[in-house]
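Here's the letter readout for the chains.
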There are 2 protein chains.
Amino acid sequence: MSVRREPISRRDRPAKPALSRGWITETAVRIMREEGLEKVTMRRLAQELDTGPASLYVYVANTAELHAAVLDALLGEIDLTGRDGGEGWREQLRAVMRSYTLVLFQYPQLARSALVARPSGENYLRLVDRVLDLLSRSGAPREQVAWGVDKLLQDATATAAEQSARERDPAAEEEWSATVRAFGAAGADKHPAIAAHMPALVGGSPEERFRWSFDVLVNGIVGTPVPGAQG
Amino acid sequence: MSVRREPISRRDRPAKPALSRGWITETAVRIMREEGLEKVTMRRLAQELDTGPASLYVYVANTAELHAAVLDALLGEIDLTGRDGGEGWREQLRAVMRSYTLVLFQYPQLARSALVARPSGENYLRLVDRVLDLLSRSGAPREQVAWGVDKLLQDATATAAEQSARERDPAAEEEWSATVRAFGAAGADKHPAIAAHMPALVGGSPEERFRWSFDVLVNGIVGTPVPGAQG
DNA sequence: ACCTGAACACCGTTCAAGT
DNA sequence: ACCTGAACACCGTTCAAGT
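Residues numbered from 1 in each chain as written. Chains lettered and ligands numbered in written order. Predicted model: local features only at pLDDT ≥ 70, side-chain atom pairs only at ≥ 80, totals over all residues. Heavy atoms only, no water.

Enquirer: How should I be thinking about the relation of the copies chain A and chain B in this particular structure?
Expert: Comparison of the two chain copies shows a relationship of rotation about an axis with a shift along it. Placing chain A over chain B gives an RMSD of 0.0 Å and needs a rotation angle of 180°, together with 0.0 Å of translation along the axis. These values place the two chain copies in the arrangement generated by a two-fold rotation axis. Of the C-alpha atoms belonging to chain A, the one lying closest to the rotation axis is found on A:Gly220, 2.1 Å away. Comparing interface residues between copies, 100% of those in chain A also sit at the interface in chain B, which points to an isologous, same-surface contact. (Least-squares fit on C-alpha atoms with pLDDT ≥ 70 in both. Contact = heavy atoms within 4.5 Å.)

Printed below as a string of structure tokens:
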């Protein structure tokens, strides 16, 4: 009965860790932090894990699921308490939403994938649960709260996907400039309303827009009954 | 001095039309209608136009710009009058937004690309101008109207990108089911708020959600001042 | 059950060379 | 100026074969 030995050549390098969903996700997160989500591909990830791409399909169904797992890992960083906001439900909710937005702003490509493939991981559930809880303290009917949470999260996700794609990606920056230029060039004859609303249309800091959007949604949600629901 | 002749073999097939941005876009729209946006690639498009992919780069900077051109072509189908809605600005605005939403629902992948790379074509400008005009009839201050139009269009785009990705794409359908399952499985102990809001969280028809979202946004926009602006 | 090499069927974009 | 063939540097996913 002989003792199994690693070949000597392997003793120099750290042992190759066994594949597992957790290890795959961790590695994917590392690649994303270092090089961006666009580098988190099955092939690149397999290379990093010192195996072939086919091996990953034992643990991950496809690329979309991989990206969803990465997002859920990131959502673990959100401060769910909202204690920075202060005492009231509205301030705490704003703080939680800001924390969520900030995470997505750091990884805008992740926000895009969240819009398409809705996450369903543990950290996402915790976030939804907390936002529901805070918003329900407004006293609004359950249907409004349920649909309202959807809107709040969708708004933050869409804003992150859109707004902050521009910061690193020069192509996206170019598209945004094109839009700004197009608005600016809109003549008062052909597009009078655009001309009339002009600096505001493209103005405002992300922070100002965040605050205003949040208040618009919360005011609208709390004040607008769901038709057919008992208010 | 000899007369140039087309080779006889060419006389059977229709003459190959000269490349141009317009013809490229038209062809791209046709491919999208027939086979979906995912088939609208530089290579596939070049094949359809009977040339090599490199030739397209004379007219189109990259794939994102190509998709933006396709979107703008589709936006030409929107009914900007809103006359289906009735008389008031709110009803007409709702009709225009519904028309926009319906176009995007037909081509959800296009909605995704619109979120990332904001369009700046002529049809998009017309849409923005009209929505600004209608919303300004609410009497809300200019800043609110300008930022509000942004929110309305973003909401419709995000909803289309999210909701209707599920209809054709089985992978997206699977992700959505996973979310529904996760919500349903959320125990009252670990996620009490999710459990408490449960059928509503995943319920409601697209039409019900559209109407409610529209009212939430319009109510919120009209009733929430932009900080620092003269109201 | 888990892992793999190899293959299939694609991508976007660039560049030197042609007309 | 416009167009092209060929190349570079990648993709996701499947499958038969191995352990």
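Enquirer: Help me understand the protein's contact with DNA strand D, please; the structure alone is not making it clear to me.
Expert: Taken together, 15 residues surround DNA strand D, and among them A:Arg43, A:Tyr57, B:Thr51, B:Ala54 and B:Tyr59 come closest. When the atoms of DNA strand D within 4 Å of the protein are sorted by group, sugar and phosphate make up 53%. Contact distances for DNA strand D include 3.2 Å between a phosphate oxygen and a side-chain N or O atom of A:Thr41. Contacts to DNA strand D include A:Met42, whose backbone N or O atom sits 3.2 Å from a phosphate oxygen. For the surface near DNA strand D, the elements supplying multiple residues, two or more each, are α3 (42-48) and α4 (53-56) of chain A together with α4 (53-56) of chain B. Considering each element in turn, the surface near DNA strand D owes the most residues, three residues, to α3(A). Considering only residue class, the surface near DNA strand D consists of six nonpolar, five polar and four charged. (Near = heavy atom within 4 Å. Polar contact = N/O pair within 3.5 Å; in protein donor to acceptor, adjacent residues only side chain to side chain. Helix = DSSP H or I, 4+ residues; strand = E, 2+ residues; numbered from the N terminus. Nonpolar A, V, L, I, M, F, W, Y, C, P; charged D, E, K, R; others polar.)

Enquirer: Explanation requested: the environment of A:Glu175 in the structure shown.
Expert: Summarising the element assignment, A:Glu175 is placed in helix α11 (residues 170-185). Residue class for A:Glu175 comes out buried when judged on its relative accessible area of 12%. Setting aside residues no more than four positions away along its own chain, A:Glu175 makes contact with B:Ala64, B:Glu65, B:Ala68, B:Ala117 and B:Arg118. (Buried < 20%, exposed > 50% of the residue type's maximum accessible area, 1.4 Å probe, protein only.)

Enquirer: Is there a simple way to explain the protein's contact with DNA strand C in this structure?
Expert: The environment of DNA strand C is formed by 15 residues, the closest being A:Thr51, A:Ala54, A:Tyr59, B:Arg43 and B:Tyr57. The sugar-phosphate share of atoms of DNA strand C within 4 Å of the protein amounts to 53%. The separation between a phosphate oxygen of DNA strand C and a polar side-chain atom of B:Thr41 is 3.3 Å. Between B:Met42 and DNA strand C, the recorded distance is 3.2 Å, taken from a backbone N or O atom to a phosphate oxygen. Of all elements in the fold, only α4 of chain A together with α3 (42-48) and α4 of chain B reach the threshold of two or more residues within the surface near DNA strand C. Ranked by residue count, the leading element in the surface near DNA strand C is α3(B), at three residues. Counted by class, the surface near DNA strand C contains six nonpolar, five polar and four charged residues.

Enquirer: Before we go on, may I ask you to explain the interface of chain A and chain B in this structure?
Expert: Interface size is commonly expressed as the accessible surface area that is lost when the partners come together. On the side of chain B, 65 residues touch chain A, which itself brings 65 residues to the contact. Area buried by chain A at its contact with chain B is led by A:Arg118, A:Trp147 and A:Trp212, which between them contribute 15% of it. At the junction of chain A with chain B, the criterion picks out eight salt bridges. Here A:Asp155 ties to B:Lys151 by a salt bridge, and the two come within 2.7 Å at their closest N and O atoms. At the boundary of chain A and chain B, one finds 29 residue pairs in polar contact (both at pLDDT 80 or more). Where the side of chain A that touches chain B is concerned, the elements lending two or more residues are α5 (63-75), α7 (108-116), α8 (122-136), α9 (142-163), α11, α12 (192-196), α13 (198-202) and α14 (206-223) of chain A. (Buried area = accessible area lost by both parts, 1.4 Å probe. Salt bridge = Lys/Arg side-chain N within 4 Å of Asp/Glu carboxyl O.)

Enquirer: When you look at the domain arrangement of chain A in this model, what are you seeing that I'm missing?
Expert: One can read the domain layout of chain A as domain 1 (21-60) and domain 2 (83-223). For domain 1 of chain A and domain 2 of chain A, the distance between their C-alpha centres works out to 30 Å. (Domains from an automatic or database assignment.)

Enquirer: Sorry, what's going on with the UniProt feature "DNA-binding region" (unreviewed entry) in chain A here?
Expert: Per the UniProt entry, the sites bearing "DNA-binding region" (unreviewed entry) are residues 41-60 of chain A in this numbering. Each end of residues 41-60 of chain A is marked by a C-alpha atom, and these two atoms are 12 Å apart; helix forms 55% of the span and strand 0%. (UniProt positions renumbered as here; feature names shortened; annotations may be inferred.)

Enquirer: Help me understand the nonpolar core in this model?
Expert: Taken as a class, soluble globular proteins show a tendency for nonpolar side chains to be buried jointly. The biggest cluster of nonpolar side chains holds 132 residues, and the ones touching the most others in it are A:Met97, A:Leu152, B:Met97 and B:Leu152. If sequence neighbours within four positions are ignored, B:Leu152 has contacts with B:Leu93, B:Met97, B:Val131, B:Leu135, B:Phe214, B:Leu217, B:Val218 and B:Ile221. (Core = buried A, V, L, I, M, F, W, Y, C linked by side-chain atoms within 4.5 Å.)

Enquirer: What's the story with the packing of helix α9 (residues 142-163) of chain B against helix α14 (residues 206-223) of chain B in this structure? I'm lost.
Expert: When two helices pack together, their arrangement is given by the angle between the helix axes and the distance between those axes. All names here are of chain B. At their nearest, the axes of α9 and α14 sit 10 Å apart, and the two run at 160° to each other. Relative to α14, the element α9 lies roughly antiparallel. α14 is crossed by α9, and the crossing has right-handed handedness. Where α9 approaches α14, its residues Gln 144, Gly 148, Lys 151, Leu 152, Asp 155 and Gln 163 are matched on the opposing element by Pro 206, Ser 213, Phe 214, Leu 217, Val 218, Ile 221, Val 222 and Gly 223. Along the lines of polarity and charge, the residues of the contact of α9 with α14 split into seven nonpolar, five polar and two charged. (Axes fitted to C-alpha atoms, helices over the stretch in contact; angles between N-to-C directions. Parallel < 35°, antiparallel > 145°, perpendicular 65-115°, else oblique. Left-handed = near helix turned anticlockwise from the far one by under 90°.)

Enquirer: Before we go on, may I ask you to explain the UniProt feature "domain: HTH tetR-type" (unreviewed entry) in chain A in this structure?
Expert: UniProt records the feature "domain: HTH tetR-type" (unreviewed entry) for residues 18-78 of chain A in the present numbering. Each end of residues 18-78 of chain A is marked by a C-alpha atom, and these two atoms are 29 Å apart; helix forms 64% of the span and strand 0%.

Enquirer: What's the story with the packing of aromatic side chains in this structure? I'm lost.
Expert: For any pair of aromatic rings, the description consists of the separation of the ring centres together with the inter-plane angle of the planes. Residues and elements named next belong to chain B. One pass over the structure, following the stated rule, counts four aromatic pairs over all chains. Seen in terms of ring centroids, Phe 210 and Phe 214 are 6.5 Å apart; in terms of plane orientation they differ by 25°. Their pairing is stacked. Of this pair, Phe 210 and Phe 214 both sit in helix α14, four residues apart, which is roughly one turn of that helix. A residue is classified by how much of its surface remains accessible, and Phe 210, at 16% relative accessible area, is buried. A residue is classified by how much of its surface remains accessible, and Phe 214, at 4% relative accessible area, is buried. (Phe/Tyr/Trp six-rings, centres within 6.5 Å; stacked < 30°, edge-to-face > 60°.)

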